[in-house]
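What follows is the residue order along each chain.
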Amino acid sequence: MNTQMIHAVTTNNAGTEPLKITVIGCTHAGTAAVTQIAKLYPDARITVYERNDNVSFLSCGIALHVGGVVKDAEKLFYSSPEQLTELGVITKMRHNVLSVDTETKTLEAQNLATGEAFTDSYDKLVVTTGSWPVIPKMEGIDLQNVLLCKNYAHAQTIIERAKSARSITVVGAGYIGIELVEAFEQLGKQVTLVDNTDRVLFKYLDREFTDRVEGELEARGIKLALGQSVEAFRGKNGAVERVITSKGEIESDLVVLCIGFRPNTELLKGQVDMLPSGAIIVDEYMRTSKPDVYAAGDSCAVYYNPTQSHAYIPLATNAVRMGTLVARNLMKPTLKYMGTQGTSGIKIYDLNIASTGMTEQAAEAAGMKVKTVTVLENDKPEFMPHFDEVMLKLVYEEEGGRIVGAQVLSEADLTQSVNTLSVCIQNGMTVDQLGFVDFFFQPHYNKPWNLLNQAGLQAI
């Protein structure tokens, strides 16, 4: 884009003042949007409103920090207010946006340091307000040492309180919960993991995979309290001592809630189209149903390719892609969002695990008629001095064979194979096509028939 074009698109309708672009929230989607907008439209007046005093914190690294793998939490930031300011962005940290009026294109904000409230206006609004942990309303939720796990402040509190804790209960057996129990166990704590489903990682993996994960956790002394709901927290002198569940009591002097997240979208409620969950619906160019209002990241629903419908899937990878697309499409639609498969991965002790798309259980719950194939195979030829067993599962539609999901688990790191299968799902590939894709063979890495070819061939 040349300078003349930039000047042409970065003035407001009157053509005399710089275009005012306002971004609310600055974690993953917000940081991606702001940095790209600043580069593409240097003449625009870009303002960021952020409640916290930091930006771009990688909350997925909290467990690594708790476990001591990442010693310096400052390295979990990939940008800073100072870097945004250097790009010419008006960076209003510790500012809370109280309300937005999309008809008049104005907002009310408050400086959290001084208490001052004021009104601002915008020409283009980017809402990247993210998500917030689900906090159940129950007895004892406000007791000391009942903690959340989302941002930098939470991470520091968890680490500090864990030092003196002996018995720690983590509520929620998703990725964050699993990573935390591993970190706490490695710190020598007595750890219990509670979830109301009967399996860990219920949303990401089918039973043959979660059985392996549960075996790894229990072998290291982690207690699994599955299939039971937390009903209350009890304590003494204002601090938690016990977790009360539907099946009993768990002694705990520290509790970390990892129940899930909900979109933080109250500012636009009733003004733009949303899912029942409150997730903002955007089109393929990140536009909301209101002109000049864009949204990205955990505040949004995403187009989920396996079901070909919108869903709420809060992932940092989705957020940075969507934030970048906001910048590219801010002045006119130029680059479409390709949708997501919800691809993710996790390392649990010696197990490398990844998944993409739908599990068999999720597909059946959605009313889809699917088949599956599970391959148990060694990753390299048996004449090699070392090889590892791999478990790979494909989920595909009964009619037509379109691939809608995949999972892989091995001590060898073959998680990139799930990235390949994510591309397959995105492109609507079938199992018979997968069976004959051109993959290289080299004994150091794989077999003449690649693992993915084998899965496709066995499904045909």
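The structure this text deals with has already been given above.
Residues numbered from 1 in each chain as written. Predicted model: local features only at pLDDT ≥ 70, side-chain atom pairs only at ≥ 80, totals over all residues. Heavy atoms only, no water.

Caption draft 1: Spotlight on the sheet that holds strand β9 (residues 146-148). Spatially, β9-β16-β10-β11-β12 is the arrangement adopted by the 5 strands of the open sheet, whose pairing is parallel. Across the chains shown, the open sheet's two edge strands, defined by having one partner strand only, are β9 and β12 (223-226). Averaged over all adjacent pairs, the angle separating strand axes in this sheet is 20°, with direction ignored. With 4 bridges joining them, strand β10 (residues 167-171) and strand β16 (residues 254-257) adopt parallel strand pairing. Across the sheet, T169 pairs through a bridge with V255, a residue of β16. With respect to the sheet, helix α5 (residues 152-162) is in contact with β9, β10 and β16, its orientation differing from that of β9 by roughly 145°. (Pairing = 2+ DSSP bridges. Helix = DSSP H or I, 4+ residues; strand = E, 2+ residues; numbered from the N terminus. Axes fitted to C-alpha atoms, helices over the stretch in contact; angles between N-to-C directions. Contact = heavy atoms within 4.5 Å.)

Caption draft 2: Local environment of the pairing of strand β5 (residues 106-111). Of the two faces of β5, only one is covered, namely that formed by L107, A109 and N111; the face formed by T106, E108 and Q110 stays uncovered. Summarising the sheet, strand β4 (residues 95-101) and β5 pair through 6 bridges and their orientation is antiparallel. Bridge pairing links N96 to Q110 in β5. Between β4 and β5, which pair antiparallel and follow one another directly, the connecting turn spans 4 residues, one of which, K105, has a positive phi of 55°. Joining the antiparallel neighbours β5 and strand β6 (residues 117-121) is a turn of 5 residues, in which G115 adopts a positive phi near 85°. (Buried < 20%, exposed > 50% of the residue type's maximum accessible area, 1.4 Å probe, protein only.)

Caption draft 3: Representation of the nonpolar core within the structure. Core analysis: the biggest nonpolar cluster contains 56 residues, and I21, I37, V100, V126, I280, M322 and L330 have the highest contact counts within it. With residues up to four places along the chain from it excluded, the contact list for I21 reads I37, A44, R45, I46, T47, K124, V126, L330 and M331. A155, L226, Y349 and M391 belong to the second-largest nonpolar core, a separate cluster that totals 42 residues. (Core = buried A, V, L, I, M, F, W, Y, C linked by side-chain atoms within 4.5 Å.)

Caption draft 4: Region of interest: the packing of aromatic side chains. In the structure shown here, the tally under the stated rule is 4 aromatic pairs. An angle of 35° between the planes, with centres 6.3 Å apart, marks the rings of Y49 and F118 as tilted. Of this pair, Y49 sits in strand β2 (residues 45-50) while F118 sits in strand β6, and the two are 69 residues apart along the sequence. Using a relative accessible area of 1% as the deciding quantity, one classes Y49 as buried. Look at F436 and W449: their rings are 6.2 Å apart centre to centre, the planes differ by 80°, and that puts the pair in the edge-to-face class. Remark: W449 occurs in the loop between α11 (431-434) and α12 (451-459) and F436 occurs in the loop between α11 and α12; sequence separation between them is 13 residues. W449 gets classed as partly exposed once you look at its relative accessible area, which sits at 45%. (Phe/Tyr/Trp six-rings, centres within 6.5 Å; stacked < 30°, edge-to-face > 60°.)

Caption draft 5: Just the layout of surface pockets, in detail. Volume-wise, the second largest pocket comes out at about 350 Å³. Residue lining of the second largest pocket: 18 residues in total, with L414, S417, Y445, N446 and N450 positioned closest to the centre. Elements supplying a minimum of two residues to the lining of the second largest pocket: β23 (370-378), α10 (416-426) and α12. Here the residues of the lining of the second largest pocket sort into 7 nonpolar, 7 polar and 4 charged. (1 Å grid on protein atoms, 1.4 Å probe; cavity = no way out; pocket = protein on both sides within 12 Å on 5 of 7 lines; lining within 4 Å. Points joined across faces, edges and corners; volume = space filled by probe spheres on them. Nonpolar A, V, L, I, M, F, W, Y, C, P; charged D, E, K, R; others polar.)

Caption draft 6: Main features of the environment of V170. Summarising the element assignment, V170 is placed in strand β10. Note on V170: relative accessible area 0%, which makes it buried. For the pair V170 and L180, spaced 10 residues apart in sequence, the C-alpha to C-alpha distance is 7.5 Å. Excluding anything up to four places from it in sequence, V170 contacts G177, L180, V181, F184, T192, L193, V194, V256 and C258.

Any functional reading would require information that these geometric values do not contain.
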